[in-house]
Amino acid sequence: PNAGLSVSDICTVQLSPPNAADDLVAQATVVGTPVRVYLEGGGGAFQTSVLSVENDRLWLAPVFPRQGNLVIERLLPQLRLELLYAGLPYVGTCSVLATSRDGILLERPRSIQRVQRRRYYRVAPPPGFTLRIQAGGTLLTRTVLDVSGSGCAVRGEPGDEKLLSGAVEFVHLPVGPPPGLIAAVQVKRILTRAGTHGEEIVVGLEFVDLSAADRSRLISWVTETERSLLSLRSLDRPRPLKDVIVLLHDDSVSVRLRSGVRLSTQGVVLRTHDDDDLVAGATHPGVEVRLAGARVLRSEALVELTEPEGHVHLRFVSLDTAQRASLTKHLQD
């Protein structure tokens, strides 16, 4: 009545399915998508992937002790998922419908949001990425630790505390098309922290008076670099692939043929058959991997894990640069 309707009036109401996921969710939750699952309350997390999609339900690959030392019986009714779409991280929540040794059945999240913790995304550039700093009439070259739309951090050297304590005239950052970004900066902080090889000096620089065009170009570069790096990292996680064959070369004559289950840039999971020598901690001198009949690599491998279901996890330990590049290309394709 408050809307001007009476009992005899006829109106049309459009209803949406109660579990309908939005378009972004549908595009992001496809078979093979790497997924990190966080337990409610921050009690733990583990890595898995999407095995299959059935309407508004997702099947995730089963979780084994090496992935966070969790067992499926400990899963809570509500889980937080972090997944990669177009190489970028998104997060959503969903309900657990069932668990078994075959995997975890979830209700598909109704929505996901891009992970954002800062005003500008921050990315660690590829190894060997450097910039030039003009400070006090001296031109310095320093390794870049991370870059964002507002500034960057570089690895300092002894004496930088004094040299950079005054005004820094400009930096030259090789991002985007040549000549890259030339920008005025302000030293925000100089600190010492524990690094991979002992203590390291970190210098935080903030871009000053950056034009809108330069900032947009910088943010585009950060986003593309982030997408590229995350895409490569996703190849480190075993993914289900068809037509993976593993040849175990015991010597120059004896060869065992086994079916591969999952493959990554780090190793392969294969299905064993009375392979008593493939026990955790053992090494095999000649593991050859073929995809669709084509040889991809041959390497010594370490047995990392054996599963009751007859699966063995092998880690490659002697890949050369060419073999790793070939494997990466096959996984990307």
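Residues numbered from 1 in each chain as written. Predicted model: local features only at pLDDT ≥ 70, side-chain atom pairs only at ≥ 80, totals over all residues. Heavy atoms only, no water.

1. Some remarks on the pairing of strand E20 (residues 294–306)
Part 1: Relative to E20, strand E19 (residues 283–291) is paired through seven bridges, and the arrangement is antiparallel. Residue pairing across strands places histidine 284 opposite alanine 301, the latter belonging to E20.
Part 2: In this sheet, strand E21 (residues 311–316) lies alongside E20 in antiparallel orientation, the contact comprising five bridges. Among the inter-strand pairings, leucine 305 is bridged to a residue of E21, identified as histidine 313. (Pairing = 2+ DSSP bridges. Helix = DSSP H or I, 4+ residues; strand = E, 2+ residues; numbered from the N terminus.)

2. What to know about the pattern of salt bridges
Part 1: Tallied over the entire structure, the rule returns 10 salt bridges.
Part 2: Between arginine 258 and aspartate 275 there is a salt bridge whose closest N-O contact spans 2.9 Å. One end of the pair, arginine 258, is in strand E17 (residues 255–263); the other, aspartate 275, is in the loop between strand E18 (267–271) and E19, with 17 residues separating them in the sequence.
Part 3: Classification of arginine 258 as buried rests on a relative accessible area of 13%.
Part 4: The class for aspartate 275 is buried, based on a relative accessible area of 10%.
Part 5: By sharing partners, the salt bridges in this structure join Asp250, Arg256, Arg258, Asp275 and Asp277 into a single network. (Salt bridge = Lys/Arg side-chain N within 4 Å of Asp/Glu carboxyl O. Buried < 20%, exposed > 50% of the residue type's maximum accessible area, 1.4 Å probe, protein only.)

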